[in-house]
Amino acid sequence: MFDVVTLGSATVDLFADTDSELVQIETRHSLERLIAYPLGGKILIKDLNITVGGGGTNTAVAFARQGLKTAFLGKVGDDPQGQQVLDLLAAEGVDFVGVKAGQTGLSVILDSIDDDRTILAFKGANDFLSEDEALLPPCRWLYCSAMLGQSLATLKALVTKTHAKVAFNPSSYLAKEGLAALQPILERLTVLVLNKEESAMLLGWDERENHGSDALLKALASQIAIPVIAITDGAAGAIATDRHIVVWAEPQQGLTIVETTGAGDAFASGFVAALACGRALEQAVKAGMLNAESVLAFKGAKNKLLDKPSLEKKLAADNRVFKRSPWQP
């Protein structure tokens, strides 16, 4: 039996560092920051890194590095990029229990001068995992990241049928569908992890407004009976509850941010891995934060995911005291 099976996407990621300019557009109702490229020009790439990404493989590697017996269930292409994904999983000790057919997903990550990014995503085979193809092996936990198209229907079916504990980290693609559309998934969850904007989308609130994480957490907890909910909020940290206590976590002071891709996956997988290993909520939040902070300091979604000895060392050395209080519905 596997400790964790991850269900999600697999991609080959191309990180293109161009030092492109940021443009800010402000209206009466919104403020947008855009990466700008001159029309008809040729932009030189300062640095190009090619790695394996996708929520399914990112989290599978994170769980495996924490010493959990892990498998990845997803669909990769029958092409050189698909083999690159499989080679990476094998090197990390992750079993592949998915399907190889079609064209592997590809993401182009465009970095700006402000160390943030825009992602061009080609989903490819990720959207075409059928229920007949998705044979879920026995496992203690099923961790689901965002799936679209045919694969979303398969995700709903697997979550409904499994007896494993289920954790879910939706993207904005799914969160904007709202609570009713995702109800078959939400009602089976043990853990829900999402960011502040996704929380607002899921509730049907305007994500452009500055909703407090506390209000979002209480609203989610009141509408969906999920035992553990965690909401991340970028530089503001994270908040989580297990319906016994609430924990507020702030990031390390002076943290160097090189690239943000994969930080959400790193927090979610570190958080869920800690819960799967029997850690208390506060330690699970800290484990997720440390994993995300490690990824933020380097390029690539997997390069600096923490292994178990590294995490234990960082947990022992981290003297941050997170605010906590009793849960009040």
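Everything below is about the structure printed above this text.
Residues numbered from 1 in each chain as written. Predicted model: local features only at pLDDT ≥ 70, side-chain atom pairs only at ≥ 80, totals over all residues. Heavy atoms only, no water.

A. Seen up close, the packing of helix H1 (residues 55-65) against helix H8 (residues 263-276). At a minimum axis distance of 9 Å, the contact between H1 and H8 shows a crossing angle of 45°. On the basis of the axis angle, H1 is oblique to H8. Along this stretch, H1 crosses H8, giving a crossing that reads as right-handed. Where H1 approaches H8, its residues Gly55, Asn58, Thr59, Ala62 and Phe63 are matched on the opposing element by Asp265, Ser269, Val272 and Ala273. For the contact of H1 with H8, the class distribution of residues is 4 nonpolar, 4 polar and 1 charged. (Axes fitted to C-alpha atoms, helices over the stretch in contact; angles between N-to-C directions. Helix = DSSP H or I, 4+ residues; strand = E, 2+ residues; numbered from the N terminus. Parallel < 35°, antiparallel > 145°, perpendicular 65-115°, else oblique. Left-handed = near helix turned anticlockwise from the far one by under 90°. Contact = heavy atoms within 4.5 Å. Nonpolar A, V, L, I, M, F, W, Y, C, P; charged D, E, K, R; others polar.)

B. Molecular detail of the side chain of asparagine 169. Residue placement: asparagine 169 occurs in strand E12 (residues 165-169). Within the structure, the side chain of asparagine 169 is placed 2.6 Å from the backbone oxygen of valine 193, a separation counted as a polar contact. If near-sequence neighbours (up to four positions away) are discounted, asparagine 169 is found in contact with Tyr143, Cys144, Ser145, Ala146, Val193, Leu194, Gly264, Asp265 and Ala268. (Polar contact = N/O pair within 3.5 Å; in protein donor to acceptor, adjacent residues only side chain to side chain.)

C. Region of the structure containing the nonpolar core. Membership of the largest hydrophobic core comes to 45 residues, with the highest contact counts inside it found for Leu7, Phe168, Leu186 and Leu192. With 5 residues, the top contributor of residues to this core is helix H7 (residues 213-223). Ignoring sequence-local partners within four residues, the contact set of leucine 7 consists of Leu73, Leu129, Leu142, Tyr143, Cys144, Ser145, Met147, Leu155 and Leu158. Formed by 39 residues, the second largest nonpolar core is a distinct cluster that contains Ala240, Val247, Ala249 and Val272. (Core = buried A, V, L, I, M, F, W, Y, C linked by side-chain atoms within 4.5 Å. Buried < 20%, exposed > 50% of the residue type's maximum accessible area, 1.4 Å probe, protein only.)

D. Here's a closer look at unusual backbone geometry. The phi dihedral of arginine 243 falls on the positive side, at around 70°, and the residue is not glycine. With respect to the helices, strands and loops of the structure, arginine 243 is situated in the loop between strand E15 (238-241) and strand E16 (245-249). Residue classification places arginine 243 among the partly exposed residues on the basis of a relative accessible area of 29%.

E. Up close: H1. Taking burial as the measure, the 11 residues of H1 include 10 buried ones, the bulk of the element. Those residues of H1 lying buried are Gly55, Gly56, Thr57, Asn58, Thr59, Ala60, Val61, Ala62, Phe63 and Ala64. Following H1 by one or two positions, glycine 67 has its phi on the positive side, about 85°.

F. Fine view of the packing of helix H3 (residues 150-161) against helix H5 (residues 179-186). It is the contact of H3 with H5, at a shortest axis distance of 8 Å, that shows an interaxial angle of 45°. In terms of axis orientation, H3 runs oblique to H5. Here Leu152, Leu155, Lys156, Val159 and Thr160 of H3 lie close against H5, whose contacting residues are Ala181, Pro184 and Ile185.

The values reported here are purely geometric and, on their own, carry no functional implication.
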